[in-house]
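Single-letter residue listing:
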Amino acid sequence: MIAATVPVQRPPDAKLVAIDAAGQITHFPRSNFPNLLRAGDVVIANDAATVPASLFGIHIRTGATIEVRLAGRRSLEPEAVRHFSAIVFGEGNYRTPTEHRQSPPELRPGDGLRLGSLRASVVCLLDHPRLVLLSFEGSSEEIWRGIVRHGRPIQYAHVPVPLEIWDTWTAIAGPLAAYEPPSASFILNWSTLDLMIRRGVYFGTVTHAAGISSTGDPKLDARLPFDEPYRIPQSTTRLVQGARERGGRVIAIGTTVVRALEQAVGTDGVLRAGEGLATQRISRETRLRIVDAVFSGTHEPGTSHYELLRAFVSNEVLENMNKELEEHSYRTHEFGDSIFFERMNLAGANVNSKKSEGCGTLGLPTQFANNGRKYRRSTLRKSLNPRQLSTIFSFDSAYSRMVP
Amino acid sequence: MAKHKVEASEKTAADPTSVWNDRRVVITGGTSGLGKAMAVSLHDSGAKVAIVARNRAHIEDLVRETPALHGVAGDVSSKGDIYPITIQLLGALGGVDVLINNASALGPVPLVPLADTNCEDLELALQTNLLGPFRLTKALLGSLAASAREGRSPLVLNISSDAAINPYPKWGAYGASKAALHHLSQIWDQELSLQGIRVLSLDPGDMDTPLHTLAVPDADRSTLKSPATSAREVLATLQNLLVTTDNAQPEARQ
């Protein structure tokens with residue numbers, strides 16, 4: 001797929017591929033997204049606002065220029081900003097793809113960092129030379145002030161125009177929780193939300209700390225997503241309950257919503273309100289208990305977002321979809337085109353929970369386990385069998401009436 | 001400028017603590033005049049209050065008097081300040097239930113007829129009185145909608161003026177900008193009703209404030225309301241609205 005290079009949240013020519021529960025694939029203009037919804041459905045989006053998480057500064061012991069990208073904190077509470085996990089790069093800027101960025105100087109516990117008006121020190125390394133736990137000096141008020149004065153949104157090599165904060169905030173952005181935008185929600189604007197409500201579709205939110213999408217190191221990328229805190233409002237649990245009673249679908253806008261909802265559900269199938277920490281990695285083995293369909297950006301095989309989709313549809317359907325995306329020149333990444341999946345009846349196994357490790361009980365990034373497998377993007381892409389992609393597609397009657 | 005549009009309605013005023021308790025309130029122009037009076041009063045009534053003002057020293061003075069207040073330094077008339085302000089507000093309060101766009105610019109001082117008004121003075125009045133409230137409300141709309149979903153009856157109050165309705169000579173820049181803000185409030189209120197967000201525009205009446213002194217330096221101050229009186233009246237109006245909206249909520253506030 002080609003990268004979307006212009007930071008427009010709702011490009012008029014955006015495309016959407018929809019795959020229903022029978023595995024049928026249909027293409028739409030993305031602006032037709034509300035037509036995929038039915039009265040009684042519950043749509044749930046991530047309302048996290050994106051923190052300007054890229055901070056340039058100096059590693060004091062060596063005098064080296066560094067870029068710190070804030071990656072996570074252990075709680076969503078606004079005052080819990082003393083400790084952040086962070087990825088550190090050496091000199092350079094976003095115009096160099098992360099995988100080619102210079103390494104930071106050797107980072108040791110106790111090292112001081114000067115980031116604009118902010119002062120921070122390295123508490124410990126999190127099992128990787130460029131992933132650290134930082135402790136910031138000052139009150140939470142001073143830390144937020146330092147972040148907004150000095151921080152810039154995390155930038156992307158594939159988007160040449162520097163992103164401003166408003167490029168990274170969704171229409172519904174509220175709590176300061178994300179470090180890169182929960183970009184699936186870029187599709188939402190207030191007109192769309194009004195239209196959904198008028199059509200009898202319910203809308204709710206979760207807040208999920210969407211983290212960094214690329215660390216520049218395949219070993220570290222394989223650990224994504226890190227453990228991420230989330231909060232489920234009481235109103236959302238009521239909506240999900242209502243959907244169950246009515247037989248409506250629960251539709252997640254974005255993979256982070258899937259992760260939060262499937263973490264917050266008990267084995268009794270009941271969704272629990274409140275704050276929690278998403279530690280699980282959703283994959284083919286995951287039995288989805290809450291989410292019936294997901295709306296998402298397009299993702300490349302091997303990424304954690306892509307692996308999550310395997311919980312919804314079979315590998316074969318996913319491969320078919322990839323071929324379609326290539327053939328129809330879909331664009332990928334934050335400002336790219338989109339996909340909509342209904343959950344197929346897959347024989348899911350257990351949810352694979354990971355335990356946090358490193359740096360005591362801070363519950364920040366976890367380990368390497370990927371259900372025993374390690375993916376490199378390139379190797380996975382090569383492993384796709386072209387002969388499996390030759391299925392002929394037909395319009396499903398449920399979708400064909402929506403084709404413009 | 002004379003007539004008071006807001007009357008205190010003591011008979012309907014409920015126990016303030018029950019209405020304002022734990023409500024997260026943002027007030028722009030919060031270090032003087034009406035803004036300061038509302039900030040102190042809401043704080044005393046149990047609200048979590050954050051004020052926005054341009055002058056950090058003034059913020060620090062107010063926070064020294066009322067330590068639980070949060071102060072954010074920034075200029076709502078400046079596009080580049082809106083997100084830094086918004087992020088600091090959310091960092092202080094976590095979310096927002098009530099946004100009071102109170103900060104105002106008079107236009108040219110001393111007041112002059114439109115024909116003698118510099119374009120830059122009109123621009124500044126529009127930036128402060130119209131675009132600033134529009135931008136800040138838009139940046140906080142996600143938070144206000146979240147407040148609505150949680151049954152917290154969010155509302156936006158835009159502080160208006162009778163100059164928004166009546167064409168007073170020499171009040172052109174101010175009057176035109178406040179008229180636009182008033183109209184914007186009424187349209188936005190209709191548009192956001194499905195989302196459960198109210199947008200109001202209220203005229204607090206002529207008050208003895210720094211802005212009034214700039215406009216009418218030789219005014220007889222004994223004829224002007226104190227900002228505290230106006231604050232009481234405005235907040236009583238909001239309070240009545242909140243009581244009504246809260247009672248209409250099928251689900252209690254969490």
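Numbers given for residues are sequential positions, taken from 1 along each chain in its written order. The order in which chains are written sets their letters, starting at A; the order in which ligands are written sets their numbers, starting at 1. Per-residue local features of the predicted model are confined to residues with pLDDT of at least 70, and side-chain atom pairs are confined, for both listing and counting, to 80 or more; whole-chain, interface and lining totals are unaffected and use all residues.

Q: Please explain the overall build of chain A as it appears in this structure.
A: Along its length, chain A carries 10 helices and 19 strands. For the exposure call, what matters is how many other C-beta atoms sit within 10 Å of a residue's own: 20 or more marks it buried, 12 or fewer exposed, and in between partly exposed, using C-beta atoms placed from the backbone. Sorting the 404 residues of chain A into buried and exposed places 48% on the buried side. Two residues form a contact once the distance between their C-beta atoms, set from the backbone, is within 7 Å. Long-range contacts, defined as pairs at least 24 residues apart, comprise 76% of the intrachain contacts of chain A with a sequence gap of at least 6. Every helix listed is a DSSP run of H or I at least four residues long, and every strand listed is a run of E at least two residues long, numbered separately from the N terminus.

Q: Would you explain the overall build of chain B in this entry?
A: Scanning chain B from terminus to terminus reveals nine helices and six strands. Expected size for 254 residues packed as a compact globule is a radius of gyration near 18 Å; at 17 Å, chain B falls within 12% of this value. Taking the principal axes of the C-alpha coordinates as reference, chain B spans close to 55 × 40 × 40 Å. A buried classification covers 52% of the 254 residues belonging to chain B. Radius of gyration: C-alpha atoms only; globule rule: 2.2 Å multiplied by the number of residues to the exponent 0.38.

Q: Just checking my understanding: could you explain the sheet that holds strand β6 (residues 198-202) of chain B for this structure?
A: Paired through backbone hydrogen bonds, the strands of a sheet run either parallel or antiparallel to each other. All names here are of chain B. Reading across from one edge, β3-β2-β1-β4-β5-β6 is the order of the six strands in this open sheet, with parallel pairing throughout. Each having just a single partner strand, β3 (70-73) and β6 make up the two edges of the open sheet. If you compare each strand with its neighbour and ignore which way they point, the axes differ by 15° on average. Here, any two strands with at least 2 DSSP bridges between them count as paired. As defined by bridge partners, strand β1 (residues 24-28) adjoins strand β4 (residues 98-101) across three bridges and the pair is classed as parallel. Counted as the bridge partner of V26 is L99 from β4. All axes are obtained by fitting lines to C-alpha atoms, using only the stretch in contact for helices, and the reported angles, taken between N-to-C directions, cover 0 to 180 degrees. In this fold helix α7 (residues 172-191) packs onto β5 (155-159) and β6, with an angle of close to 155° to the strand it touches most, β6.

Q: Would you mind showing me how to read the pairing of strand β15 (residues 250-253) of chain A here?
A: Regular strands show a simple pattern: their side chains alternate between the two faces of the sheet. All names here are of chain A. Residues V250 and A252 point to one face of β15 and I251 and I253 to the other, with burial holding for every one of them. Pairing geometry for strand β4 (residues 42-46) and β15, over four bridges, is parallel. Considered in β15, the bridge of A45 is made with I253. Note: β15 against strand β17 (residues 293-297), three bridges, orientation parallel. Note that in β17 the partner of A252 across the bridge is V294.

Q: Got a minute to help me understand the sheet that holds strand β2 (residues 15-19) of chain A in this structure?
A: All names here are of chain A. Ordered by their spatial adjacency, nine strands build an open sheet running β3-β2-β19-β17-β15-β4-β13-β14-β16, and the pairing between neighbours is mixed. Lying at the two open borders of the sheet, with one neighbouring strand each, are β3 (25-29) and β16 (274-278). Sheet twist, expressed as the average angle between the axes of neighbouring strands with direction ignored, equals 25°. Two elements, strand β13 (residues 202-208) and strand β14 (residues 228-232), share two bridges in a ladder whose sense is antiparallel. Across the sheet, the residue bridging to T207 is R231, located in β14. Together, β4, β13, β14 and β15 form the strand contacts of helix α5 (residues 234-246), whose direction differs from that of β13 by roughly 130°.

Q: Sorry if this is basic, but what is going on with the packing of helix α1 (residues 140-150) of chain A against helix α4 (residues 82-93) of chain B here?
A: Angle between the axes and distance between the axes are the two parameters that describe a pair of packed helices. Across the interface, α1 of chain A lies against α4 of chain B with an axial gap of 9 Å and an inter-helix angle of 155°. On the basis of the axis angle, α1 of chain A is roughly antiparallel to α4 of chain B. α1 of chain A and α4 of chain B meet at a crossing whose hand is right-handed. Together, S140, E141, W144, R145, V148 and R149 of chain A of α1 of chain A and P84, I87, Q88, G91 and A92 of chain B of α4 of chain B make up the contact between the two elements. Grouping the constituent residues of the contact of α1 of chain A with α4 of chain B by class yields five nonpolar, three polar and three charged. Comment on the angle field: the value is read as roughly parallel under 35 degrees, roughly antiparallel over 145, roughly perpendicular from 65 to 115, and oblique elsewhere. Left-handed describes a crossing whose near helix is turned anticlockwise from the far helix by less than a right angle; the clockwise case is right-handed. Classification convention: Asp, Glu, Lys, Arg as charged; Ala, Val, Leu, Ile, Met, Phe, Trp, Tyr, Cys, Pro as nonpolar; all other residues, Gly among them, as polar.

Q: Just checking my understanding: could you explain the confidence of the model for chain A for this structure?
A: The quantity called pLDDT is the predictor's confidence in a given residue, expressed from 0 to 100. The pLDDT averaged across chain A works out to 85; a share of 85% of its residues lies at or above 70. Overall, residues 360-404 of chain A carries pLDDT values under 50, and its contacts beyond four positions in sequence, including any with other chains, amount to 85 contacts.

Q: How should I be thinking about the pairing of β14 of chain A in this particular structure?
A: Residues and elements named next belong to chain A. The element β14 is largely enclosed, with a buried count of five among its five residues. The alternating pattern of β14 places E228, Y230 and I232 and P229 and R231 on opposite faces, both of which are buried. Sheet topology places β14 next to β16; five bridges connect them, and they run antiparallel. Directly across from P229, in β16, lies its bridge partner L277.

Q: Any chance you could explain the nonpolar core here in plain terms?
A: In a soluble, globular protein the nonpolar side chains are often hidden away together inside. For this entry, the nonpolar core is defined as buried Ala, Val, Leu, Ile, Met, Phe, Trp, Tyr and Cys residues connected by C-beta atoms within 7 Å. Core analysis: the largest hydrophobic core is formed by 166 residues, its most contacted members being V43, I44 and L261 of chain A together with M38 of chain B. Ranked by the residues each element gives to this core, the list is headed by α4 of chain B, at eight residues. Each domain's extent is set by a domain assignment, obtained either automatically or from a database. There are two domains that each give this core at least three residues, and those are domain 1 (2-50 + 161-400) and domain 2 (54-150) of chain A. Residue contacts for V43 of chain A: discarding those within four places in its chain leaves L37, M196, V201, F203, I251 and I253 of chain A. Listed in part, the 13 residues of the second largest apolar core include A125, A163, A164 and Y174 of chain B.

Q: What should I look at first to understand α7 of chain B in this one?
A: Each α-helix winds once per 3.6 residues, and so residues spaced three or four apart point in a common direction. Residue and element names in this part refer to chain B. With 20 residues, α7 extends 28 Å from end C-alpha to end C-alpha; this agrees with the ideal 28 Å at 1.5 Å per step. All of the buried residues along α7 are G172, A173, Y174, G175, A176, S177, K178, L181, S185 and W188. Packed against the buried residues of α7 are α5 (119-139), β5 and β6. Under the convention used throughout, the expected extent of a helix is 1.5 Å for every residue step, that is, one less than its residue count.

Q: Teacher, can you tell me more about the interface of chain B and chain A here?
A: Where interface size is given, it is often the accessible area lost as the parts come together that is meant. At the junction of the two partners, chain B supplies 18 residues and chain A supplies 25 residues. At the level of elements, α4 and α6 (141-149) of chain B are the ones that each hand at least two residues to the side of chain B that touches chain A. The leading source of residues in the side of chain B that touches chain A is α4 of chain B, at seven residues. In terms of residue class, the side of chain B that touches chain A is made up of eight nonpolar, eight polar and two charged.

Q: What is the right way to read the domain arrangement of chain A from this model?
A: All names here are of chain A. Entries for chain A in the domain assignment read domain 1 (2-50 + 161-400) and domain 2 (54-150). With 24 residues of domain 1 in contact, the opposing surface of domain 2 contributes 23 residues. Contributions of two or more residues to the side of domain 1 that touches domain 2 are made by β12 (176-178) and β14. Among the elements that line the side of domain 1 that touches domain 2, the one with the most residues is β14, at three residues. Of the residues assigned to the side of domain 1 that touches domain 2, the class counts are 13 nonpolar, seven polar and four charged.

Q: I keep staring at unusual backbone geometry and nothing clicks. Help me out?
A: Glycine aside, residues mostly have negative phi angles, and peptide bonds mostly take the trans form. Residues L224 of chain A and P225 of chain A are joined by a peptide bond in cis, for which omega reads -5°. Position of P225 of chain A relative to the elements: it lies in the loop between α4 (218-221) and β14. Each neighbour pair has its own omega, and for V109 of chain B with P110 of chain B the value is -5°, a cis peptide bond. As for its placement among the helices and strands, P110 of chain B is situated in the loop between β4 and α5. One non-glycine residue, H333 of chain A, adopts positive backbone phi at about 75°. Classification of H333 of chain A by C-beta neighbours within 10 Å gives buried; the count is 21. A positive phi angle, near 50°, is found at S153 of chain B, a position not held by glycine. As for its placement among the helices and strands, S153 of chain B is situated in the loop between α6 and β5.

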